[in-house]
Amino acid sequence: MKKFVLITFTAITFFALSFADTTYTVQKGDTLYSISRKNQITVAELRTANNLSENDVLKAGQRIVIPEADIGTAAALSSSNKKTSPVANTNVSTSTYTVQKGDTLYGIARKNGMKVPELLQLNNLDNNAVIKVGQKLKISGGAQYTQEAISASQNYSGPTTTIRLDDKAPDTRTYGSTVSSDANTKWPVKNPKITSVKGKVSGVQLTALQNEKVLCIHEGTVMYVGVYRGFGQVLFVQSKTGLIYAYTGLGSVNVKKGDYAVSGSELGTAGVDPISGKPGITFMVFQNGQPLDPRTAPRN
């Protein structure tokens, strides 16, 4: 058993170092908002990665985790729906995990091959949930380890990575094939060439004219506006049914967080796609952090 735990711990350690998150030491005057902007992620992601509540105050010298950017997780955590719907698939195999000292929802999800939205959904947790030592959580996924190995990994004292605040972030997208849609399908830009986008995201790349207006295709509340790592200027619009429409790679933005965008209203202008060097935007739709096919997502 000890040999199995050692082997498993080694696997966890290798996994953790291969996909290590970065750390940041809080400076005087820092806030979660300012740190999120420097690192081009959302405040909600920072809170979840560090098990912080909305009322927690940062202290100079405090070390916090800067999570790997995941636009699906960012969309789910930016949602106004305080609780996600329980998992509908009753065939999902689950096990129980006991929260240990130093755990976060983000860390637990990663160790078990899950996404944060999946973990929240499986446990019917609030988007702003803060977990406590001893709390029991349901987990599922392909990378489940023994409780002994997980506890051992939390005591690992190997090297950490210090965040480097670069102005630019790597583009995580890759292009797939050109796809078609119904001629009557409404898009944020007129008559785009539609290309599937792969990699860590799932959506479509839409060609556009230079500085073309980007229009809202489904009314909703603007939940996030800002530069997001690897996607340039981004905004999320949440429909009343909870879908998040993500407009990314914008050249300019004409709305702010909290605005209500009506269908057909101008959200901003198209930017320049760094892959092709031509005007365009990447467009995605999410439900509880899971991507939907943008071609069939509801319009109004």
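Before reading on, note that the structure itself is shown above.
All residue numbers refer to positions counted from 1 along the written sequence of the respective chain. Owing to the predicted nature of the model, reporting of local features is limited to residues with pLDDT of at least 70; listing and counting of side-chain atom pairs is limited to 80 or more, with chain, interface and lining totals taken over all residues. For side-chain calculations, the full set of non-hydrogen atoms in the structure is used, while hydrogens and water are omitted.

Student: Which residues make up the overall build of the protein, and what values do they have?
Tutor: The helix and strand labels rest on DSSP assignments: H or I over at least four residues marks a helix, E over at least two residues marks a strand, and numbering proceeds from the N terminus. Per the secondary structure count, the protein includes seven helices and 16 strands. Accessibility here uses a 1.4 Å probe with only protein chains present; expressed as a share of the type maximum, an area under 20% marks a residue as buried, one over 50% as exposed, and anything in between as partly exposed. Across the 300 residues that make up the protein, the buried fraction comes to 45%. Restricting the contact set of the protein to residue pairs at least 6 apart, pairs at least 24 apart contribute 68%. Every accessible area reported is derived by Shrake-Rupley at a probe size of 1.4 Å, with residue values counting cover from the shown protein chains alone. Surface accessibility of the protein: about 15300 Å² in total, with carbon and sulfur atoms responsible for 53%. Two residues qualify as a contact provided that any one of their heavy atoms is within 4.5 Å of a heavy atom in the partner residue.

Student: Please give an account of helix α2 (residues 32–39) that cites residues and values.
Tutor: Note: α-helices contain 3.6 residues per turn, so residues at a spacing of three or four share the same orientation. For α2, the set of buried residues is Leu32, Ile35, Ser36 and Asn39. For α2, the angular spread of buried residues about the axis comes to 100°, placing them on one side. Where α2 is buried, its residues touch β1 (22–25), α3 (43–50) and β2 (63–66). Working definition: the arc comes from the directions between the helix axis and the C-beta atoms, pointing outward to the latter.

Student: Before we move on, can you summarise unusual backbone geometry with the specific residues and values?
Tutor: Comment: phi is negative for the bulk of residues other than glycine, and the bulk of peptide bonds are trans. Unlike most non-glycine residues, asparagine 51 shows phi in positive territory, near 55°. Position of asparagine 51 among the secondary structure elements: in the loop between α3 and β2. By relative accessible area, which is 19% here, asparagine 51 ends up buried. A positive phi angle is found at asparagine 191, which is not glycine, with a value near 45°.

Student: So, the environment of lysine 213: which residues are in play, and what are the values?
Tutor: Relative to the assigned elements, lysine 213 resides in strand β9 (residues 213–215). Between the C-alpha atoms of lysine 213 and glycine 268, which are 55 residues apart in sequence, the distance is 5.9 Å. Setting aside residues no more than four positions away along its own chain, lysine 213 makes contact with Pro188, Val189, Glu266, Gly268 and Thr269.

Student: Describe the packing of aromatic side chains, listing the residues and the values that go with them.
Tutor: A pair of aromatic rings is counted whenever rings of Phe, Tyr or Trp (Trp by its six-membered ring) have centres within 6.5 Å, and the orientation is called stacked for planes under 30 degrees apart, edge-to-face for over 60 and tilted otherwise. Scanning the model with the defined rule gives five aromatic pairs in all. On the basis of an interplanar angle of 85° and a centroid distance of 6.2 Å, the ring pair of tryptophan 187 and phenylalanine 283 is categorised as edge-to-face. Here phenylalanine 283 lies in strand β15 (residues 279–287) and tryptophan 187 lies in the loop between β6 (173–179) and β7 (194–199), a separation of 96 residues in the sequence. Overall, tryptophan 187 belongs to the buried group, its relative accessible area being 9%. Note on phenylalanine 283: relative accessible area 0%, which makes it buried. Ring geometry for tyrosine 247 versus phenylalanine 283: centroids 5.2 Å apart, planes at 50°, classification tilted. Within this pair, whereas tyrosine 247 is found in strand β12 (residues 244–253), its partner phenylalanine 283 is found in strand β15, the two being separated by 36 residues in sequence. On the basis of relative accessible area, tyrosine 247 is assigned to the buried category, the value being 0%. Among the aromatic side chains, those forming a connected cluster through ring pairs are Trp187, Tyr245, Tyr247 and Phe283. Here, over-ring charges are defined by two tests on the NZ atom of lysine or the CZ atom of arginine: distance to the ring centre within 6 Å, and angle to the ring normal within 35 degrees. In this structure, arginine 299 packs its charged tip against the face of tryptophan 187, placed 4.7 Å from the ring centre.

Student: I'd like a description of the environment of alanine 49, backed by residues and values.
Tutor: Considering the arrangement of structural elements, one finds alanine 49 in helix α3. Taking the C-alpha atoms as reference points, alanine 49 and aspartate 21, separated by 28 residues in sequence, lie 9.8 Å from one another. The contacts of alanine 49, once residues within four sequence positions are left out, are Val65, Pro67, Thr104 and Tyr106.

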